[in-house]
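Geometric and topological summary
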Amino acid sequence: MIQEYVPGKQITLAHIIANPDKNIFTKLGLSSHNSALGILTITPSEASMIASDIATKSGNVELEFIDRFSGSVVVSGEVSEVEAALKQVVIKLKDILDFTICDITRT
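First, a word on what this report is: a plain description of the structure on this page. (Residues numbered from 1 in each chain as written. Predicted model: local features only at pLDDT ≥ 70, side-chain atom pairs only at ≥ 80, totals over all residues. Heavy atoms only, no water.)

Things to note about the sheet that holds strand E2 (residues 36-43)
Taken together, five strands build an open sheet; the order of strands is E3-E4-E2-E1-E5 and the sheet is mixed. Either end of the sheet is taken by a strand with one partner, and the two such strands are strand E3 (62-67) and strand E5 (105-106). Where strand E1 (residues 10-18) lies against E2, eight bridges are found, and the strand directions are antiparallel. Residue alanine 14 lies in a different strand from E2, and its bridge partner there is leucine 40. On top of the sheet, helix H2 (residues 47-58) reaches E2, E3 and strand E4 (72-77); it is set at about 175° to E3, its chief contact. Its contacts with the sheet place helix H3 (residues 79-97) against E1, E2, E4 and E5, and it is angled at close to 170° to E1. (Pairing = 2+ DSSP bridges. Helix = DSSP H or I, 4+ residues; strand = E, 2+ residues; numbered from the N terminus. Contact = heavy atoms within 4.5 Å. Axes fitted to C-alpha atoms, helices over the stretch in contact; angles between N-to-C directions.)

See the structure below:
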(Lines give C-alpha, C1' and ligand atoms only; values in the text may rest on other atoms or scores of the structure.)
Protein backbone atom coordinates (compact mmCIF):
# COMPACT_ATOMS: atom_id res chain seq x y z
CA MET A 1 0.00 0.00 0.00
CA ILE A 2 1.25 3.45 -0.87
CA GLN A 3 0.10 6.36 1.27
CA GLU A 4 0.65 9.92 0.28
CA TYR A 5 0.12 12.77 2.70
CA VAL A 6 -0.75 16.21 1.46
CA PRO A 7 0.72 18.99 3.57
CA GLY A 8 -1.80 21.21 5.27
CA LYS A 9 -4.76 21.02 7.54
CA GLN A 10 -7.86 19.72 5.86
CA ILE A 11 -10.99 17.65 6.10
CA THR A 12 -11.02 15.63 2.89
CA LEU A 13 -14.20 13.67 3.52
CA ALA A 14 -17.27 14.35 5.67
CA HIS A 15 -20.09 12.01 4.76
CA ILE A 16 -23.33 10.82 6.34
CA ILE A 17 -24.82 7.46 5.47
CA ALA A 18 -28.47 7.77 6.48
CA ASN A 19 -30.35 4.55 7.18
CA PRO A 20 -27.67 2.18 5.87
CA ASP A 21 -28.40 -1.45 5.23
CA LYS A 22 -27.89 -3.35 8.49
CA ASN A 23 -25.29 -5.54 6.75
CA ILE A 24 -22.97 -2.52 6.64
CA PHE A 25 -23.06 -2.35 10.45
CA THR A 26 -22.49 -6.10 10.68
CA LYS A 27 -19.55 -6.10 8.24
CA LEU A 28 -17.95 -3.23 10.17
CA GLY A 29 -18.51 -5.01 13.48
CA LEU A 30 -20.82 -2.27 14.75
CA SER A 31 -24.10 -2.39 16.62
CA SER A 32 -26.99 -1.90 14.21
CA HIS A 33 -29.29 -0.06 16.62
CA ASN A 34 -28.33 3.33 15.16
CA SER A 35 -29.79 4.84 12.00
CA ALA A 36 -26.77 6.67 10.57
CA LEU A 37 -23.01 6.59 10.17
CA GLY A 38 -20.80 9.65 9.93
CA ILE A 39 -17.42 9.29 8.26
CA LEU A 40 -14.53 11.78 8.39
CA THR A 41 -11.05 11.76 6.92
CA ILE A 42 -8.68 14.39 8.28
CA THR A 43 -5.13 15.55 7.60
CA PRO A 44 -2.95 15.73 9.65
CA SER A 45 -4.17 12.43 11.03
CA GLU A 46 -3.56 13.45 14.65
CA ALA A 47 -6.47 15.89 14.32
CA SER A 48 -8.78 12.86 14.23
CA MET A 49 -8.51 12.88 18.03
CA ILE A 50 -9.71 16.49 18.15
CA ALA A 51 -12.51 15.75 15.69
CA SER A 52 -13.63 12.77 17.78
CA ASP A 53 -13.76 14.92 20.89
CA ILE A 54 -15.79 17.62 19.12
CA ALA A 55 -18.19 15.09 17.59
CA THR A 56 -18.93 13.27 20.83
CA LYS A 57 -19.47 16.54 22.70
CA SER A 58 -21.67 18.01 19.94
CA GLY A 59 -24.30 15.35 19.55
CA ASN A 60 -25.65 12.14 20.97
CA VAL A 61 -23.32 9.99 18.86
CA GLU A 62 -21.18 6.97 19.57
CA LEU A 63 -17.53 6.98 18.56
CA GLU A 64 -17.24 3.77 16.56
CA PHE A 65 -13.74 4.11 15.14
CA ILE A 66 -10.78 6.45 15.32
CA ASP A 67 -7.41 5.99 13.63
CA ARG A 68 -4.81 8.57 14.54
CA PHE A 69 -2.52 7.19 11.82
CA SER A 70 -4.90 7.46 8.85
CA GLY A 71 -7.09 10.31 10.13
CA SER A 72 -10.30 8.30 9.91
CA VAL A 73 -13.22 8.81 12.28
CA VAL A 74 -16.57 6.98 12.26
CA VAL A 75 -19.49 7.93 14.49
CA SER A 76 -22.99 6.52 14.67
CA GLY A 77 -26.35 7.63 15.98
CA GLU A 78 -29.63 9.04 14.79
CA VAL A 79 -29.40 10.85 11.45
CA SER A 80 -29.98 14.32 12.95
CA GLU A 81 -27.42 13.74 15.71
CA VAL A 82 -24.76 12.48 13.29
CA GLU A 83 -25.41 15.46 11.03
CA ALA A 84 -25.14 17.90 13.96
CA ALA A 85 -21.89 16.29 15.13
CA LEU A 86 -20.27 16.41 11.67
CA LYS A 87 -21.34 20.03 11.20
CA GLN A 88 -19.70 20.99 14.48
CA VAL A 89 -16.48 19.17 13.60
CA VAL A 90 -16.29 20.97 10.25
CA ILE A 91 -17.11 24.38 11.74
CA LYS A 92 -14.77 24.11 14.72
CA LEU A 93 -11.78 22.75 12.80
CA LYS A 94 -12.22 25.58 10.30
CA ASP A 95 -12.74 28.34 12.87
CA ILE A 96 -10.36 27.24 15.62
CA LEU A 97 -7.55 25.53 13.69
CA ASP A 98 -7.93 27.19 10.27
CA PHE A 99 -8.56 23.91 8.45
CA THR A 100 -9.60 23.75 4.81
CA ILE A 101 -12.96 22.00 4.80
CA CYS A 102 -15.16 20.09 2.38
CA ASP A 103 -18.92 19.97 2.09
CA ILE A 104 -20.76 17.40 4.16
CA THR A 105 -22.24 14.89 1.73
CA ARG A 106 -25.05 12.43 2.36
CA THR A 107 -26.42 9.19 0.93
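The rest of the description comes next.
Thoughts on unusual backbone geometry
The peptide bond linking threonine 43 to proline 44 adopts the cis configuration, its omega dihedral lying at 0°. One non-glycine residue with positive phi stands out, namely asparagine 19, at about 50°. Here asparagine 19 shows up in the loop between E1 and helix H1 (22-28). The backbone of aspartate 98 shows a phi angle near 60°, a positive value even though the residue is not glycine. With respect to the element layout, aspartate 98 can be found in the loop between H3 and E5.

Thoughts on the pairing of E4
Buried residues dominate E4, accounting for five of its six residues. Sheet topology places E2 next to E4; six bridges connect them, and they run antiparallel. For alanine 36, the partnering residue across the bridge sits in E4 and is glycine 77. Where E3 meets E4, five bridges bridge the pair, whose relative direction is antiparallel. Looking at E4, one finds that aspartate 67 is bridged to serine 72. With antiparallel pairing between neighbouring strands as the criterion, E3 and E4 make up a hairpin whose turn holds four residues, including glycine 71 at a positive phi of roughly 85°. (Buried < 20%, exposed > 50% of the residue type's maximum accessible area, 1.4 Å probe, protein only.)

Regarding the pairing of E1
For E1 and E5, the ladder comprises two bridges, and the chain directions are parallel. Bridged to histidine 15 within E5 is threonine 105.

Quick notes on the nonpolar core
Proteins that are soluble and globular tend to have nonpolar side chains buried together. Counting residues in hydrophobic clusters, the biggest one holds 22 residues, and the most contacted among them are Ile11, Leu40, Ile42, Val75, Val82, Val89 and Leu93. Where this core is concerned, the elements lending two or more residues are E1, E2, H2, E4 and H3. For this core, the leading source of residues is H3, giving seven residues. Sequence-distant contacts of leucine 40, defined by excluding residues within four places in its chain, comprise Ile11, Leu13, Ala14, Ala51, Gly71, Ser72, Val73, Leu86 and Val89. The next biggest cluster of nonpolar side chains, apart from the first, holds five residues, and it includes Ile17, Phe25, Leu30 and Val74. (Core = buried A, V, L, I, M, F, W, Y, C linked by side-chain atoms within 4.5 Å.)

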